[in-house]
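Each chain is listed here by its residues.
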Amino acid sequence: MTATNALVSGTVHQHASQVLLATAVVIIEDDNGCRHHARALLDSGSESNFITKRLSQLMKVTRDRVDISVLGIGQATIKVKQRVHALVRSRVSQFSRELDFLVLPKVTVNLPTIRVDTNGWSLPSGIKLADPAFFEPNAVDLVLGIEHFFDFFETGRRMSLGEGNPALHESLFGWIVSGGVSVPSRSLQITCNVSMLDELDALIYRFLSCEEVESGKAHSPEETQCEDIFDSTVQRGSDGRYTVSLPMNEDAVSRVGDSRDIAYRRLQGTERRLAKDSSLREQYNAFMEDYIKLGHMREVVETDTELVKRCFLPHHPVIKEASTTTKVRVVFDASCNGVSLNDVLMTGAVIQEDLRSITLRSRTKQIMLVSDVDKMFRQILVHLLERALQCILWRFSPAECVHLYELNTVTYGTKSAPFLATITLKQLALDEEAQYPLAARAVLDDTYMDDVITGADDEETATTLRVQLNTMMSSGGFKQRKWASNCPAVLEGIPEEDMAIRSSEGIVLDPDPSIKTLGLTWMPVSDTLKYQFSVPSLNPDTSLTKRYVLSVIATLFDPLGLLGAAITSAKIFMQQLWALRDGQGQRLDWDQSLPSTVGEP
């Protein structure tokens with residue numbers, strides 16, 4: 001069952017009657033006794049109570065799995081997969097009631113649909129309004145249905161606010177302003193909330209008739225399970241950040257091997273490498289200091305009586321000279337040991353569009369807008385009890401004792417990290433779609449991992465899109481950086497440090513500087529894409545081998561397929577190398593020098 005909304009638009013000439021529905025600000029209490037203020041719609045047309053997914057995630061409350069269909073206006077059907085139980089309290093009286101709520105992404109539109117001018121109204125003094133902002137369009141978090149509707153109005157007291165104005169109705173939540181009001185408007189929206197319960201035989205019939213076969217790409221059982229785990233466990237904190245669970249095979253977790261010794265030996269190996277390069281050591285330490293400073297990992301003290309199952313992740317540096325931000329990154333290895341953490345984690349489905357579609361669609365826009373998400377994985381928290389599976393050993397100097405840390409966030413190197421990061425971005429877009437429609441659509445359609453490649457057809461829309469993206473991402477704890485556009489005016493107001501091309505870095509001799517995005521090189525000034533490829537020069541001591549040739553060919557990246565002929569030639573050449581044999585008729589080894597005649601016609 002669900003609550004659905006019908007919006008009817010009509011044209012009026014001078015005044016129209018806007019109906020104020022019964023809204024109240026209530027207190028909803030979760031399993032831990034934490035209280036949250038929520039805006040509720042008291043709806044006698046709904047057979048059930050409903051709660052938004054956003055509010056259910058903020059609350060620490062158990063979510064039961066259900067499979068319920070909801071019918072609304074015009075037989076519109078919505079599937080409900082979760083139900084929660086919570087205590088609803090009044091802000092102004094001792095009233096409380098335990099209720100079941102079905103979870104929906106959105107329970108209704110913002111109410112009222114337009115702002116109501118209350119100037120000239122004479123509200124009685126001393127009354128407590130159930131919804132002090134009843135006249136402002138605001139989101140609704142709850143729908144309280146017919147089951148207890150009339151209990152809320154047990155006194156039956158009513159006061160009129162005059163002709164053409166709504167009335168005050170006394171409820172257990174305070175005085176509710178509800179009824180028709182005359183508003184000057186040429187466009188009127190009528191909201192109707194109705195929910196009905198499908199009969200079981202109708203549900204079975206729809207199941208057997210497979211009416212929803214065409215509803216998108218089929219996922220494997222494991223991919224479906226990953227999404228179910230995410231939907232049932234994801235939470236959003238008061239600061240807007242998301243907390244997720246690791247999608248794993250619970251039965252296999254107990255088989256994860258003791259990886260502390262391996263992690264310690266790998267730490268010693270990393271320290272030997274850092275000891276040979278003071279600059280690398282400095283950057284590695286800075287990376288770890290940043291991890292601790294931002295709260296992405298914390299030191300823990302083990303006790304002899306500790307019963308927590310811990311998994312240790314070795315780590316090592318990866319150097320990326322082409323990066324404009326962090327040259328040295330720490331990579332965590334979740335695949336070491338006999339049965340590793342990655343062995344019990346599930347991968348999850350690819351939920352974003354393919355790279356080619358995103359890139360081609362961006363070229364259909366007059367104004368292109370590019371950015372990426374700073375430290376995307378590390379902005380998403382992992383549930384507290386699962387952080388013991390993400391432990392590392394670390395010390396800033398070999399002279400110190402080795403310390404134990406838990407990684408608090410989604411960790412690069414774990415098998416489920418890309419899925420958790422991308423589905424969390426999707427969740428943010430769905431949660432904020434009503435407030436930031438342009439940004440939500442860009443995240444859902446024009447984002448590949450942490451890169452956003454989008455645009456608009458005019459400067460005003462592109463600027464609005466950029467502002468919405470910045471604001472929406474910030475609301476979820478994400479930060480947009482490396483902004484670039486072929487229209488400089490769209491980027492006005494972006495801090496210099498968040499620009500992809502910074503004028504403060506010195507005189508730019510290149511009249512058309514380029515940036516890397518989605519594996520391509522884009523030049524914003526001329527608004528063109530180009531491919532860059534260079535064959536590295538061989539040192540006299542370097543042998544030309546099959547391994548070396550393959551490593552060079554592998555650097556050719558062509559998501560659009562425009563270099564197909566050249567890449568095919570390179571692959572054919574690699575096949576020819578594979579067939580080469582030495583003087584004894586043996587196939588050449590990967591690291592054996594190639595004959596000097598290779599490549600000659």
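To be clear, the structure that these remarks concern was listed above.
Residues numbered from 1 in each chain as written. Predicted model: local features only at pLDDT ≥ 70, side-chain atom pairs only at ≥ 80, totals over all residues. Heavy atoms only, no water.

Enquirer: Give me the lowdown on the nonpolar core, citing residues and values where you can.
Expert: Judged by nonpolar contacts, the single largest core of 76 residues is most densely connected at Leu313, Leu341, Ile392, Val410, Leu469 and Phe478. Top contributing element to this core by residue count: helix 9 (residues 417–432), with eight residues. Sequence-distant contacts of Leu341, that is, excluding residues within four places in its chain, are made with Cys311, Leu313, Ala334, Leu389, Gln390 and Thr414. In this structure, Ile51, Phe101, Leu142 and Phe149 belong to the second largest nonpolar core, which totals 26 residues. (Core = buried A, V, L, I, M, F, W, Y, C linked by side-chain atoms within 4.5 Å. Buried < 20%, exposed > 50% of the residue type's maximum accessible area, 1.4 Å probe, protein only. Helix = DSSP H or I, 4+ residues; strand = E, 2+ residues; numbered from the N terminus. Contact = heavy atoms within 4.5 Å.)

Enquirer: Outline the pairing of strand 19 (residues 328–332), supporting the account with residue identities and numerical values.
Expert: Counted residue by residue, strand 19 has four buried out of five residues, so it is predominantly covered. As paired strands, strand 18 (residues 315–319) and strand 19 are joined by five bridges and run antiparallel to one another. The partner of His315 across the bridge, within strand 19, is Phe332. (Pairing = 2+ DSSP bridges.)

Enquirer: Outline the sheet that holds strand 15 (residues 235–236), listing residues and values.
Expert: Taken together, the three strands give an open sheet; going across it, the order is 15-16-21, and neighbouring strands pair in mixed fashion. Each of the sheet's edge strands pairs with one partner strand only, and the pair in question is strand 15 and strand 21 (381–382). Pairing between strand 15 and strand 16 (residues 242–244): two bridges, direction antiparallel. Pairing of Arg236 across the sheet is with Tyr242, part of strand 16.

Enquirer: Residue-level account of the sheet that holds strand 17 (residues 297–299), with values.
Expert: Pairing within the open sheet is antiparallel, and its three strands lie in the order 17-23-22. A strand with exactly one partner marks an edge of an open sheet, and here the two such strands are strand 17 and strand 22 (391–394). Strand-to-strand, the axes of this sheet are offset by a mean angle of 35 degrees, without reference to chain direction. The pairing of strand 22 with strand 23 (residues 403–407) spans four bridges and is antiparallel. Looking at the pairing, Cys391 lines up with Glu406 of strand 23. Sheet strands in contact with helix 6 (residues 278–293) are strand 17, strand 22 and strand 23, and its direction is about 135 degrees off that of strand 22. (Axes fitted to C-alpha atoms, helices over the stretch in contact; angles between N-to-C directions.)

Enquirer: Run through the pattern of salt bridges, naming residues and quoting values.
Expert: As enumerated under the stated definition, the model contains 25 salt bridges in all. Here Arg115 and Glu136 are joined by a salt bridge, their closest N and O atoms 2.8 Å apart. On the criterion of sequence distance, the pair formed by Arg115 in the loop between strand 8 (96–104) and strand 9 (142–144) and Glu136 in the loop between strand 8 and strand 9 is long-range, its members being 21 residues apart. You can call Glu136 partly exposed: its relative accessible area is 26%. With its nearest N and O atoms 4.0 Å apart, the salt bridge here joins Asp372 to Lys482. Taken together, the positions of Asp372 in strand 20 (residues 367–374) and Lys482 in strand 26 (residues 479–485) put the pair 110 residues apart, joining distant regions of the chain. Assessed through its relative accessible area of 7%, Asp372 is described here as buried. (Salt bridge = Lys/Arg side-chain N within 4 Å of Asp/Glu carboxyl O.)

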